[in-house]
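Secondary and tertiary structure notes
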Amino acid sequence: MFGSEEENSRRSVGKHIGFLSRAAHRYLKHSFKDYSIGHAQVLTLHFISRNNGLNQNELGHYLNLDKSSVTSQLNILEKNGYVIRKPDKNDFRGRRIFITEKTKALQPELYERFSEWSKILLDGFTKEEIESIYSFLGKMITNANKAFGEFNTNEKEK
């Protein structure tokens, strides 16, 4: 497919993606070290700032986090004054998440840092290569989601 089986075992896609993920964590940690939030909260806050008013279940779904991880992230962000949670008028058990003025003031930097990171990663690629990268990553996400679906189905059958 992409070379010999031996070559593929040495060239792990997961290893490369893991390295990029850890590099992004370091970049975000360094970029936001003065704000009392870690890289995970920065990712969550960035998403909330682009989807102000979403509910906790939506957040978990979009970020692929379980309920306890979402709650943990939100507790930190709320404690530090970046978000507030309000009861959901359409679901008495649910809560909607809103950014605060503190986050509104931080939004330009949030957007700039995420944009800058993408520029760093895509430096030296042509427009066509960039389109291919996004296409390949999209296919990988689809494959991962398919595998998770099969995994969850197999777990339920046990």
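Residues numbered from 1 in each chain as written. Predicted model: local features only at pLDDT ≥ 70, side-chain atom pairs only at ≥ 80, totals over all residues. Heavy atoms only, no water.

**Observations regarding the environment of I133**
Turning to its location among the elements, I133 is positioned in helix α7 (residues 127-157). The sequence separation of I133 and L122 amounts to 11 residues, and the corresponding C-alpha distance is 9.2 Å. Ignoring any residue separated from it by four or fewer positions in sequence, one finds I133 in contact with L122 and F125. (Helix = DSSP H or I, 4+ residues; strand = E, 2+ residues; numbered from the N terminus. Contact = heavy atoms within 4.5 Å.)

**Some thoughts on the pattern of salt bridges**
Tallied over the entire structure, the rule returns six salt bridges. For R96, the salt bridge is made with E58, and the minimal N-O distance between the two is 3.6 Å. In this pair, R96 is assigned in strand β2 (residues 91-99) and E58 in helix α4 (residues 56-63), connecting sequence segments 38 residues apart. Across the salt bridge formed by E101 and K104, the nearest N and O atoms sit 3.3 Å from each other. Of this pair, E101 and K104 are both found in helix α6 (residues 101-122), three residues apart, which corresponds to roughly one turn of the helix. The structure contains a network of salt bridges with shared partners spanning E58, D88 and R96. (Salt bridge = Lys/Arg side-chain N within 4 Å of Asp/Glu carboxyl O.)

**Considering the side chain of H46**
By the secondary structure assignment, H46 is in helix α3 (residues 39-50). Among the polar contacts listed, one links the side chain of H46 to the side chain of R50, at a separation of 3.2 Å. Excluding residues that lie within four positions of it along the chain, H46 makes contacts with L110, Y111 and F114. (Polar contact = N/O pair within 3.5 Å; in protein donor to acceptor, adjacent residues only side chain to side chain.)

**Looking at the nonpolar core**
Within the largest apolar cluster, 22 residues are counted, with the highest numbers of intra-cluster contacts made by L45 and I48. At the level of elements, α2 (13-31), α3, α5 (67-79), β2 and α6 are the ones that each hand at least two residues to this core. Those residues in contact with I48 that lie beyond four places of it in its chain are L54, L59, L74, L77, V83, I97 and I99. (Core = buried A, V, L, I, M, F, W, Y, C linked by side-chain atoms within 4.5 Å. Buried < 20%, exposed > 50% of the residue type's maximum accessible area, 1.4 Å probe, protein only.)

**Some details on the packing of α3 against α5**
Taken N-terminus to C-terminus, the directions of α3 and α5 make an angle of 85°; their axes are 10 Å apart at the nearest point. It follows that α3 is roughly perpendicular to α5 by the angle criterion. Along the contact surface, α3 presents A40, Q41, T44, L45 and I48, while α5 presents Q73, L74, I76 and L77. Residue classes in the contact of α3 with α5 are distributed as six nonpolar, three polar and no charged. (Axes fitted to C-alpha atoms, helices over the stretch in contact; angles between N-to-C directions. Parallel < 35°, antiparallel > 145°, perpendicular 65-115°, else oblique. Nonpolar A, V, L, I, M, F, W, Y, C, P; charged D, E, K, R; others polar.)

**Thoughts on the packing of aromatic side chains**
Throughout the structure, instances matching the rule amount to three aromatic pairs. Centre to centre, the rings of F47 and Y62 are 5.4 Å apart; their planes meet at 40°, and the pair counts as tilted. One end of the pair, F47, is in helix α3; the other, Y62, is in helix α4, and 15 residues separate them in sequence. By relative accessible area, which is 52% here, Y62 ends up exposed. It is R50 that lies over the ring of Y111; its NZ or CZ is 4.5 Å from the centre. (Phe/Tyr/Trp six-rings, centres within 6.5 Å; stacked < 30°, edge-to-face > 60°. Lys NZ or Arg CZ within 6 Å of the ring centre and 35° of its normal.)

**Some thoughts on the packing of α3 against α6**
Running from N to C, α3 and α6 cross one another at 110°; their axes reach a closest spacing of 10 Å. By the criterion of interaxial angle, the relationship of α3 to α6 is roughly perpendicular. Helix-helix and strand crossings are classified by hand; for α3 and α6 the assignment is left-handed. Here V42, L43, L45, H46, S49 and R50 of α3 lie close against α6, whose contacting residues are T103, L106, Q107, L110, Y111 and F114. Its residues placed into classes, the contact of α3 with α6 shows seven nonpolar, four polar and one charged. (Left-handed = near helix turned anticlockwise from the far one by under 90°.)

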